[in-house]
Amino acid sequence: MAQAGVLLTKEPAPQAVPASDLPVKVCEVALNTGPDSSSGLATAGFRTAKYLLPEWRRSNSDLYHKAFTGCEQAERGRAEAKELAEHAAATAQRAQQDSTAALGQRLQDIHFWKAELQKEIEDLDAETGLLAAQKLRLEKALDATKVPYAIATDNLQCRERRQLLDLVSDEVERELLKEAELIRNIQELLKRTLTQAGNQMRLNRDHKEVCEMDWSDKVETYNIDDKCGRYSNQSTNIQFHPSSMKFEESASTPETWAKFSHDNIYRAEREKLASINLRALIDNILHDVSEDLRMQCAAVNEAFAKRCEELDDTKHKLEHHLKKILKEIGDQEANIAALKEAIRDKEAPMKVAQTRLYDRSFRPNIELCRDEAQFRLISEAEELTESIESLKKKLLESEQSLRNLEDTRMNLEKEIAVKTNSIFIDRQKCMAHRTRYPVVLKLAGYQ
């Protein structure tokens with residue numbers, strides 16, 4: 001009987017009973033030794049080694065029976081062989097159809113996962129591109145923070161050149177220090193986010209590579225199964241491969257096969273979602289960073305404006321007081337000149353009074369009298385002396401006041417010079433430098 005696994009392509013040859021020699025029967029020759037016998041020498045050769053007639057008939061009968069039995073068995077064998085061939089052909093055809101259908105279903109499964117993997121690969125590639133664009137925005141934003149930081153530190157250094165009492169820790173300095181600290185914190189945040197974006201891009205590429213390898217295997221398998229599905233009995237490139245009729249020990253099951261692709265897609269989806277969330281986070285960070293920097297810049301500019309306005313007001317007041325001091329100095333100088341003139345004007349009357357008293361001291365004898373004129377001359381001289389002393393005292397006070405006014409004038413002029421220097425630093429140096437502050441779009445990484 002043919003093996004069940006071998007496809008029958010033609011009707012088998014009829015079975016036949018193999019021919020065999022009949023057994024040789026050895027007969028002993030009976031010798032006539034009786035009284036009526038002769039020597040038998042003349043007929044001895046014709047009667048030796050001969051079969052008996054019943055034996056001959058039995059032998060033919062056996063042969064007829066064997067031939068009949070052989071024909072009957074051969075006919076039955078042909079019928080069984082034909083039936084077996086037809087059954088084997090039908091079984092082979094049905095098995096081939098089932099295998100082809102199974103290959104077709106398998107092709108559908110492979111195509112489904114291949115399409116899912118291809119979609120995931122394209123999505124990951126697009127997502128990685130979008131994340132790369134966000135990473136570029138982060139790099140631009142980080143570069144853009146260098147200018148505000150340089151401006152803030154330059155403003156602080158310039159304001160260190162303020163003089164005397166103007167070297168004060170004012171609102172402008174506090175806002176500048178806050179701005180510098182804010183920029184440093186923003187730079188650290190952007191650097192950490194850049195590192196996070198780089199790691200996420202690496203994970204995206206790794207999972208994309210895993211999906212690409214799975215997709216490549218699916219494509220190769222699809223081509224193999226598609227080629228297998230196109231094989232038929234009339235194909236010219238088919239041949240025997242007995243060693244292939246077994247399962248490989250490392251072969252996967254349909255469940256593990258589907259789970260492998262499912263897990264790859266799941267992990268890729270997870271990384272894609274993480275990348276999407278990171279892009280949203282980067283967008284929020286850049287928006288908040290740009291807004292915080294512009295708000296702090298506005299706060300610093302407002303503090304500068306208020307400080308410059310305060311300095312201008314103080315300078316104008318100092319200049320107004322300086323004008324008053326200068327006028328007072330002029331008036332005091334005129335007053336001192338008048339006092340000196342008044343003291344000089346008292347010299348002649350003093351000389352007259354003292355000369356009169358001196359001359360009258362030479363009156364003779366009883367004429368040296370303490371008369372009214374003598375009392376009046378002495379009183380006049382005392383009054384003149386008292387007036388001169390008062391004028392001299394006032395002159396000393398006026399001269400001291402003039403010196404004080406001069407000191408005040410010098411202090412006012414110095415303070416005005418200090419205020420002028422502070423205004424120049426804050427307005428011409430710092431505020432002019434702050435006009436180079438980047439715009440919001442550049443701080444947000446769009447430029």
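In this text the structure is predicted, and so the values were computed from the model without any measurement. (Residues numbered from 1 in each chain as written. Predicted model: local features only at pLDDT ≥ 70, side-chain atom pairs only at ≥ 80, totals over all residues. Heavy atoms only, no water.)

A. Structural view of the overall build of the protein. The helix and strand tally for the protein stands at 8 helices and 0 strands. Per-residue burial for the protein yields a buried fraction of 28% across its 447 residues. Taking contacts inside the protein between residues at least 6 apart in sequence as the whole, the part at least 24 apart equals 89%. For the protein, the computed accessible surface area is about 30,900 Å², with 56% contributed by carbon and sulfur atoms. (Helix = DSSP H or I, 4+ residues; strand = E, 2+ residues; numbered from the N terminus. Buried < 20%, exposed > 50% of the residue type's maximum accessible area, 1.4 Å probe, protein only. Contact = heavy atoms within 4.5 Å. Areas by Shrake-Rupley, 256 points an atom, 1.4 Å probe, with all protein chains shown as cover.)

B. How the structure looks around a nonpolar patch on the surface. The grouping of Val439, Leu441 and Tyr446 at the surface amounts to a nonpolar patch, some 300 Å² of accessible area in total. Along the chain, the position of Val439 falls in the loop between helix H7 (372–433) and helix H8 (440–443). Taking relative accessible area as the criterion, Val439 reaches 45% and is therefore assigned partly exposed. (Patch = residues over 30% accessible without salt bridge, like charges linked within 9 Å, V, L, I, M, F, W, Y side chains within 5 Å. Salt bridge = Lys/Arg side-chain N within 4 Å of Asp/Glu carboxyl O.)

C. Region of interest: the packing of aromatic side chains. A full pass over the atoms with the stated rule returns 1 aromatic pair. Of note, Arg106 hangs over the ring of Trp257, and the distance from its end group to the ring centre comes to 3.7 Å. The lysine or arginine in question, Lys114, covers the ring of Tyr222, its NZ or CZ lying 5.5 Å from the ring centre. (Phe/Tyr/Trp six-rings, centres within 6.5 Å; stacked < 30°, edge-to-face > 60°. Lys NZ or Arg CZ within 6 Å of the ring centre and 35° of its normal.)

D. How the structure looks around the packing of helix H2 (residues 53–144) against helix H5 (residues 254–345). Where H2 meets H5, the closest approach of the two axes is 9 Å, and the angle between their N-to-C directions is 20°. Put simply, H2 runs roughly parallel to H5. The hand of the H2/H5 crossing is left-handed. Residues that form the contact of H2 with H5 fall into these classes: 16 nonpolar, 4 polar and 11 charged. (Axes fitted to C-alpha atoms, helices over the stretch in contact; angles between N-to-C directions. Parallel < 35°, antiparallel > 145°, perpendicular 65-115°, else oblique. Left-handed = near helix turned anticlockwise from the far one by under 90°. Nonpolar A, V, L, I, M, F, W, Y, C, P; charged D, E, K, R; others polar.)

E. Looking closely at the pattern of salt bridges. Applying the stated rule across the entire model yields 32 salt bridges. Arg162 is paired through a salt bridge with Glu173; the nearest N and O atoms lie 3.6 Å apart. In this pair, Arg162 is assigned in the loop between helix H3 (146–159) and helix H4 (171–230) and Glu173 in helix H4, connecting sequence segments 11 residues apart. Residue Glu173 is classed as buried on the basis of its relative accessible area, which comes to 18%. The salt bridge partner of Asp263 is Lys259, with a shortest N-O separation of 2.8 Å. Placement of both Asp263 and Lys259 in helix H5 is noted, with a separation of 4 residues, approximately one turn of the helix.

F. Structural context of the confidence of the model for the protein. On average, residues of the protein score 82 in pLDDT, and 88% of them are at 70 or above. Segment residues 1–32: pLDDT under 50, and 22 contacts once partners within four positions in sequence are set aside and those in other chains are kept. Predicted confidence for residues 35–39 stays below pLDDT 50, and this span has 2 contacts to residues more than four positions away or in other chains. (pLDDT = per-residue confidence, 0-100.)

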